[in-house]
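A closer look at the structure
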Amino acid sequence: MDSPHKADPACPAEALLKQLSGKWKPQIFRLAVNGPLRFNALLRAIEGTNKQSLASSLNELVEAGYLDKVVISQKPLHIEYNLSEKGRAVVPLFIQLELL
């Protein structure tokens, strides 16, 4: 008989937690809730991060579908990261996790 506390590999909450775990992903996601993010602003806002680890975390969040990467062609050319539809959908769950 299976233990009632055994993790279900198909559990959506477990998948979400894995995708949002990592050195800087929770901080990035939390900041994205407040509006568009720019790379250098994130470097300044997240103490202890560096360009390589921040870029890796951003790319993973984009690949997982939680952030959209938008190239702004106005001068100076820059990139913004915004919560995607999928990212906005999990904000209430993320807020509940913060309250625990």
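Residues numbered from 1 in each chain as written. Predicted model: local features only at pLDDT ≥ 70, side-chain atom pairs only at ≥ 80, totals over all residues. Heavy atoms only, no water.

1. Digging into the sheet that holds strand 1 (residues 37-38)
As a reminder, the rule being used: Note: two strands are recorded as paired if DSSP finds a minimum of 2 bridges between them. What counts as a helix is a DSSP run of H or I of at least four residues, what counts as a strand is a run of E of at least two, and both are numbered from the N terminus. Throughout, a residue-residue contact means that at least one pair of heavy atoms, one from each residue, lies within 4.5 Å. Axis geometry follows a simple rule: fit a line to the C-alpha atoms, using only the stretch in contact for helices, then measure angles between N-to-C directions, giving values from 0 to 180 degrees.
Taken together, the three strands give an open sheet; going across it, the order is 1-3-2, and neighbouring strands pair in antiparallel fashion. The open sheet is flanked by strand 1 and strand 2 (67-72), the only strands paired with a single partner. With two bridges connecting them, strand 1 and strand 3 (residues 78-83) associate as antiparallel partners. Paired with arginine 38 across the two strands is glutamate 80, which belongs to strand 3. With respect to the sheet, helix 4 (residues 51-63) is in contact with strand 2 and strand 3, its orientation differing from that of strand 2 by roughly 110°.

2. Structural notes on the pairing of strand 2
Bridge count for strand 2 against strand 3 is six bridges, and the pairing is antiparallel. If you follow aspartate 68 over to strand 3, its bridge partner there is asparagine 82. Between the end of strand 2 and the start of strand 3, which pair antiparallel, lie five residues.

3. Examining the confidence of the model for the protein chain
Definition in use: Per-residue confidence from the predictor is reported as pLDDT, which spans 0 to 100.
With 86% of its residues at a pLDDT of 70 or more, the protein chain has an overall mean of 85. Scored below 50 in pLDDT, residues 1-5 shows zero contacts in the model against residues more than four places distant or in partner chains.

4. So, the pattern of salt bridges
Charged atoms that come close allow side chains of opposite charge to pair. Applicable threshold: For salt bridges, the criterion is a side-chain nitrogen of Lys or Arg within 4 Å of an Asp or Glu carboxyl oxygen. When a residue's accessible area, from a 1.4 Å probe over protein chains only, is under 20% of the maximum for its type it is buried; when over 50% it is exposed; and in between it is partly exposed.
Across all of its chains, the model carries one salt bridge by this definition. Across the pair glutamate 60 and lysine 25 runs a salt bridge whose closest N-O atoms are separated by 2.6 Å. In this pair, glutamate 60 is assigned in helix 4 and lysine 25 in helix 2 (residues 25-32), connecting sequence segments 35 residues apart. Residue classification places glutamate 60 among the partly exposed residues on the basis of a relative accessible area of 36%.

5. A few points about the nonpolar core
Condition: Only buried Ala, Val, Leu, Ile, Met, Phe, Trp, Tyr and Cys residues count toward a nonpolar core, and they belong to the same one when joined by side-chain atoms within 4.5 Å.
By size, the foremost hydrophobic cluster in this structure holds 20 residues, and its most contacted members are Leu20, Ile28, Phe29, Leu58, Tyr66 and Leu67. Put simply, the parts of the chain that give this core at least two residues each are helix 1 (12-20), helix 2, helix 4, strand 3 and helix 5 (85-99). Other than its neighbours up to four places away in sequence, leucine 58 contacts Ile28, Phe39, Leu42, Leu67 and Tyr81.

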